[in-house]
Amino acid sequence: MSDNVAEQDFTLGRPVLVCRWRLASGGLPMENRHLRALSRRVVNGKAISTQLVAWAKQHIEWTLRDGSALNPDGVLMIVLDDKGQAAMTVGPYEPIDSPTAAVLANRAVESSREAEETGVAPETLWVARGDTLICGMSSAEDASGAVTLLCDLANTVGITVAREDGVAQGLLNDTLDYDEVFLVSDEHGIVCASDATGPRGTKLAEGYEKLLAAQKQKR
């Protein structure tokens, strides 16, 4: 399933961006959301080209089902190298081991560092505080595909969403007030912290699982 934009044999160089998107029965449930977020990313100081986004869409539509035969509920990986070449492959899905609030926060901190380079964080930490969900992003950041889904799910069930920079670091520094914690991830969906689970995150996680189930019914 590997290829590049020029449709020719090549050796992949140093990876500068790796997108990891969750599959369900060989399909990509958040395809359009992921592709929109891909188009907003930056690599080596340059915006992702419309040609590359079109290439990704074409391969998802034409080769993903066959390419994911061994891991239909796995993870689609799109890799861009420092030469502007791209490759697409599928691997197995592995859930987060021991998803405590601290583990999820550390993942979000690492993801925010990626966002400093590419413009989009693939994983963000969220907390529930009273009647509001706080998304750990600044108002200027572009949202990942998973974040746009979460915002739509929250709107559907009437939960207010606000953005706040530094949520993950605040949790790690023990300076953050919260009632529950969860990670929003392109790869893992909505993962509630094992030591800070609550009704809002649980309800939203159930909504994400329904999305995966709907994708499986299409197949």
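Scroll up to find the structure.
Along each chain, residues carry numbers from 1 onward, in the same order as the chain's sequence is written. Side-chain atom pairs in this predicted model are given and counted only at pLDDT of 80 or more, local residue features only at pLDDT of at least 70, and totals for whole chains, interfaces and linings cover all residues. Only heavy atoms go into the side-chain values, all of them from the structure, while hydrogens and water stay out.

**What to know about the pattern of salt bridges**
One speaks of a salt bridge when a side-chain nitrogen belonging to Lys or Arg is within 4 Å of a carboxyl oxygen belonging to Asp or Glu. With the rule as written, the count across this model stands at 11 salt bridges. Across the pair R14 and D82 runs a salt bridge, and its minimum N-O distance is 3.7 Å. Of the two residues, R14 is situated in the segment before β1 (15–22) and D82 in the loop between β4 (75–81) and β5 (86–91); the sequence distance between them amounts to 68 residues. Each residue's exposure class comes from its accessible area (1.4 Å probe, protein chains only) as a fraction of the maximum for that residue type: buried when under 20%, exposed when over 50%, partly exposed otherwise. A relative accessible area of 52% places R14 in the exposed class. Secondary structure follows DSSP: runs of H or I at least 4 residues long count as helices, runs of E at least 2 residues long count as strands, and numbering of each begins at the N terminus.

**Topic: the layout of surface pockets**
As defined here, a cavity is a set of points on a 1 Å grid over the protein atoms alone where a 1.4 Å probe fits but cannot get out. A pocket is an open set with protein on both sides within 12 Å along at least five of seven lines, and residues line them when an atom is within 4 Å of a point. Grid points are joined across faces, edges and corners, and a volume is the space filled by probe spheres set on the points. Looking at the largest pocket, its volume works out to about 310 Å³. Along the wall of the largest pocket there are 17 residues; nearest its centre are A108, S112, G136, E141 and D165. Breaking the lining of the largest pocket down by element, the ones donating at least two residues are α3 (101–118), β6 (123–129) and α5 (167–172). Sort the elements by how many residues they give to the lining of the largest pocket and α3 lands first, with 6 residues.

**Details of the packing of aromatic side chains**
What counts as a ring pair is set by centres within 6.5 Å for rings of Phe, Tyr and Trp (its six-membered ring), and what kind of pair is set by the plane angle: stacked under 30 degrees, edge-to-face over 60, tilted for all other angles. By the definition in use, this model includes 1 aromatic pair. Ring geometry for W126 and F182: centres 6.1 Å apart, planes at 20 degrees, overall stacked. A residue pair is termed long-range when its members are at least 10 positions apart, and W126 in strand β6 and F182 in strand β9 (residues 180–185) qualify at 56 residues. Its end group placed over the ring of Y93, R22 keeps NZ or CZ at 3.7 Å from the ring centre. Only lysine NZ and arginine CZ atoms are considered, and such an atom sits over a ring when it is within 6 Å of the ring centre and within 35 degrees of the ring normal.

**A few points about the packing of helix α1 (residues 31–39) against helix α4 (residues 145–156)**
With axes taken as lines fitted to C-alpha atoms, and helix axes fitted only over the stretch in contact, angles between N-to-C directions fall between 0 and 180 degrees. Contact pair α1 / α4: the axes reach a minimum separation of 8 Å and the direction vectors enclose 125 degrees. It follows from the interaxial angle that α1 and α4 lie oblique. As for how α1 packs across α4, the hand of that crossing is right-handed. Between α1, through R33, H34 and A37, and α4, the contact on the second element is made entirely by G145, T148, L149 and D152. Basically, the charged four are Asp, Glu, Lys and Arg, the nonpolar ten are Ala, Val, Leu, Ile, Met, Phe, Trp, Tyr, Cys and Pro, and anything else, Gly included, counts as polar. Of the residues assigned to the contact of α1 with α4, the class counts are 2 nonpolar, 3 polar and 2 charged. The labels follow the angle: roughly parallel below 35 degrees, roughly antiparallel above 145, roughly perpendicular from 65 to 115, and oblique for the rest. Two helices that cross are described as forming a left-handed crossing if the nearer one is turned anticlockwise from the farther one by less than a right angle, and a right-handed crossing if clockwise. We call two residues contacting when some pair of their heavy atoms lies within 4.5 Å.

**Examining the nonpolar core**
Nonpolar core, defined: a set of buried Ala, Val, Leu, Ile, Met, Phe, Trp, Tyr and Cys residues in which side-chain atoms within 4.5 Å join the residues together. W126, L133, L150, F182, V184, I190 and L204 are the most contacted members of the largest nonpolar core, which totals 23 residues. Elements supplying a minimum of two residues to this core: β6, β7 (132–135), α4, β9, β10 (189–192) and α6 (199–218). Here this core gets 6 residues from one element, more than from any other, and that element is α4. Among residues more than four places away in sequence, those in contact with V184 are P122, E123, T124, W126, A146, V147, L150 and G189. Counting residues in hydrophobic clusters, the runner-up holds 21 residues, among them L17, L23, A56 and V90.

**Some points on the side chain of E31**
By the element assignment, E31 lies in helix α1. As used in this structure description, the phrase polar contact means that two N or O atoms lie within 3.5 Å; if the pair is within protein, one of them must be able to donate a hydrogen and the other to accept it, and residues adjacent in sequence are counted only when both atoms belong to side chains. Within the local environment of E31, its side chain forms a polar contact with the side chain of K57, the two groups lying 3.5 Å apart. Setting aside residues up to four positions removed in sequence, E31 forms contacts with K57, I60 and E61.

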